[in-house]
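# Examining the three-dimensional arrangement
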Amino acid sequence: VVFFAPMLPLGLLFTLSARLLEIRTKLSKLFIVRRRCLPEDARLVHDTQGAFTMVVAQAAVVWHMGLNFIAYNERLVDEPVLWIVCWLVSSAAALAVIRFARGRF
């Protein structure tokens, strides 16, 4: 969904609202309710979700930079190598800022 945001920005809002509605109104939970025998730690679930979010955020940065420098660039035909290098350098800089902000540089 994140990768299609430049083409249809309102799609993010519709997808988010549909997911929230689905989570809040799970009909299957009303019919099947199970209890765990022993309480388990939810750290693995939270760590996996955080790692997935960071990977998607970083991939989205590279994708959107690529759209700006490659797909929407009318001057790409004149100097393609320059624009591809600009895309890669700016993506690397943006990823470095993201990692520095998270404290994992």
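Residues numbered from 1 in each chain as written. Predicted model: local features only at pLDDT ≥ 70, side-chain atom pairs only at ≥ 80, totals over all residues. Heavy atoms only, no water.

## Some details on the packing of aromatic side chains
- Taken as a whole, this structure holds 1 aromatic pair when the rule is applied.
- Taken together, a centroid distance of 6.2 Å and an interplanar angle of 35 degrees make the contact between Phe69 and Trp83 tilted. A residue pair is termed long-range when its members are at least 10 positions apart, and Phe69 in helix α3 (residues 43–71) and Trp83 in helix α4 (residues 80–102) qualify at 14 residues.
- Judged by its relative accessible area of 18%, Trp83 is buried. (Phe/Tyr/Trp six-rings, centres within 6.5 Å; stacked < 30°, edge-to-face > 60°. Helix = DSSP H or I, 4+ residues; strand = E, 2+ residues; numbered from the N terminus. Buried < 20%, exposed > 50% of the residue type's maximum accessible area, 1.4 Å probe, protein only.)

## Points about α4
- Helix length check: α4, at 23 residues, gives a terminal C-alpha distance of 33 Å against a target of 33 Å (1.5 Å per residue), a fit within 8%.
- Along α4, the residues that are buried comprise Trp83, Ser90, Ser91 and Ala94.
- One or two steps after α4, the chain reaches Gly103, where phi turns positive at roughly 85 degrees. (Expected span 1.5 Å × (residues − 1).)

## Examining the confidence of the model for the chain
- The predicted model of the chain has a mean per-residue pLDDT of 81, with 85% of residues at 70 or higher.
- Of all the helices and strands in the chain, helix α2 (residues 28–31) carries the lowest mean pLDDT, 66, while α4 carries the highest, 88. (pLDDT = per-residue confidence, 0-100.)

## Regarding the packing of α3 against α4
- Between α3 and α4, whose axes approach to 9 Å, the crossing angle comes to 150 degrees. Viewed along their axes, α3 and α4 adopt a mutual orientation that is roughly antiparallel. You can see that α3 and α4 cross each other, and the crossing is right-handed. Contacts between α3 and α4 pair Met54, Gln58, Val61, Val62, Met65, Gly66, Phe69 and Ile70 from the former with Trp83, Ile84, Cys86, Trp87, Ser90, Ser91, Ala94, Leu95, Ile98, Arg99 and Arg102 from the latter.
- When grouped by side-chain class, the residues that make up the contact of α3 with α4 number 13 nonpolar, 4 polar and 2 charged. (Axes fitted to C-alpha atoms, helices over the stretch in contact; angles between N-to-C directions. Parallel < 35°, antiparallel > 145°, perpendicular 65-115°, else oblique. Left-handed = near helix turned anticlockwise from the far one by under 90°. Contact = heavy atoms within 4.5 Å. Nonpolar A, V, L, I, M, F, W, Y, C, P; charged D, E, K, R; others polar.)

## Some points on the pattern of salt bridges
- One pass over the full model with this rule turns up 1 salt bridge.
- The salt bridge partner of Glu22 is Arg19, with a shortest N-O separation of 3.0 Å. In this pair, Glu22 and Arg19 both sit in helix α1 (residues 10–24), 3 residues apart, roughly one turn of the helix.
- Given the relative accessible area of 34%, Glu22 is considered partly exposed. (Salt bridge = Lys/Arg side-chain N within 4 Å of Asp/Glu carboxyl O.)

## Side note on the environment of Thr53
- Position of Thr53 among the secondary structure elements: in helix α3.
- For Thr53, a relative accessible area of 41% gives the class partly exposed.
- A distance of 2.8 Å separates a polar atom in the side chain of Thr53 from the backbone oxygen of Gln49. (Polar contact = N/O pair within 3.5 Å; in protein donor to acceptor, adjacent residues only side chain to side chain.)

## As for the side chain of Gln58
- Checked against the element boundaries, Gln58 lands in helix α3.
- Dropping the residues within four chain positions of it, Gln58 is found in contact with Leu95, Ile98 and Arg99.

## Description of a nonpolar patch on the surface
- On the surface, a cluster of nonpolar side chains totalling about 670 Å² of accessible area is made up of Phe3, Phe4, Met7, Leu8, Trp63 and Tyr72.
- Its location among the elements puts Tyr72 in the loop between α3 and α4. (Patch = residues over 30% accessible without salt bridge, like charges linked within 9 Å, V, L, I, M, F, W, Y side chains within 5 Å. Areas by Shrake-Rupley, 256 points an atom, 1.4 Å probe, with all protein chains shown as cover.)

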